Amino acid sequence: MKPRRSRFNPKRKLKETVSAKERTALARTVKYGGNPEHKRNPGNFGLTPPADPRPHKTLCDDCGIFDQKIAESLLSEGAKKGMVSVQMKGELPQNIWAVTNDGYPVEAQLENRDQGTYHGYPMPETDPMRDEVLTRWAQSVADGDPDHAI
């Protein structure tokens, strides 16, 4: 069994500004596909359990994401808030970040740009992007933009 990586992609960066039009269009476009390796009960997401589970993967269940509806809502909310990476794959950002109602930061990664699907996972405490995501999310909430209310 391979141990969990302690290094994270240093190229990940939050985009500074995203227009309201871009945020709205992105929120309508993105879909949640999921990855069964990040689920205690993959069937709740319409996924087949992995043939070779990797125990070091972070689990969505640990931060209150128990079904696809919650995951889709977080993905859409992250897009609406402009919590997207500067790295693009075609017309879609490589990553979208969000924070659960309980304060857990999560990261979604583009898995199929033709279909606009992402899979997501909780951000480990050792991830240097974690604090930046939490800070930016809190700022978007504090700004009180009615289009971005949780």
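Residues numbered from 1 in each chain as written. Predicted model: local features only at pLDDT ≥ 70, side-chain atom pairs only at ≥ 80, totals over all residues. Heavy atoms only, no water.

(A) Geometry of the pairing of strand β5 (residues 105-112). Strand direction decides the pairing type here: strand β4 (residues 95-99) and β5, joined by five bridges, are antiparallel. Across the sheet, the residue bridging to N95 is Q109, located in β5. Where β5 meets strand β6 (residues 117-122), six bridges bridge the pair, whose relative direction is antiparallel. Looking at β6, one finds that A108 is bridged to G120. (Pairing = 2+ DSSP bridges. Helix = DSSP H or I, 4+ residues; strand = E, 2+ residues; numbered from the N terminus.)

(B) Just helix α3 (residues 129-142), in detail. Taking 1.5 Å per residue, 14 residues should reach 20 Å; α3 reaches 20 Å between its end C-alpha atoms and fits that length. All of the buried residues in α3 are M129, R130, V133, W137 and S140. One face of α3 carries all of its buried residues, which in axial projection span an arc of 105°. Residues D131, T135 and A142 are exposed on α3 and point more than 90 degrees away from its buried face. (Expected span 1.5 Å × (residues − 1). Buried < 20%, exposed > 50% of the residue type's maximum accessible area, 1.4 Å probe, protein only. Arc of directions from axis to C-beta.)

(C) Seen up close, helix α1 (residues 20-29). Within α1, the full set of buried residues consists of R23, L26 and A27. Buried residues in α1, looked at end-on, bunch into an arc of 100°, giving them a common side. Exposed residues pointing more than 90 degrees away from the buried face of α1 are listed as K21 and R28.

(D) Representation of the nonpolar core in the model. Within the largest apolar cluster, 30 residues are counted, with the highest numbers of intra-cluster contacts made by L26, I65, L75, I96, W97, Y118 and V133. Taken together, the elements giving at least two residues each to this core come down to α1, α2 (68-80), β4, β5 and α3. (Core = buried A, V, L, I, M, F, W, Y, C linked by side-chain atoms within 4.5 Å.)

(E) Summary view of empty space enclosed by the protein. On inspection of all chains with the given rule, the structure shows one cavity of 30 Å³ or more. Each pocket or cavity is described by its volume, and for the largest cavity that value is around 130 Å³. Contributing to the lining of the largest cavity are 15 residues, with A71, L74, V106, A108 and G120 lying nearest its centre. Those elements that place two or more of their residues in the lining of the largest cavity are α2, β4, β5 and β6. Looking at side-chain class alone, the lining of the largest cavity contains 12 nonpolar, two polar and one charged residues. (1 Å grid on protein atoms, 1.4 Å probe; cavity = no way out; pocket = protein on both sides within 12 Å on 5 of 7 lines; lining within 4 Å. Points joined across faces, edges and corners; volume = space filled by probe spheres on them. Nonpolar A, V, L, I, M, F, W, Y, C, P; charged D, E, K, R; others polar.)

(F) Main features of the pattern of salt bridges. Counting across every chain of the model gives four salt bridges. In this structure, K81 engages E77 in a salt bridge whose closest nitrogen and oxygen atoms are separated by 3.9 Å. Of the two residues examined, K81 and E77, each falls in the buried class. Linked by salt bridges that have partners in common, R12, E107 and D127 make up one network. (Salt bridge = Lys/Arg side-chain N within 4 Å of Asp/Glu carboxyl O.)

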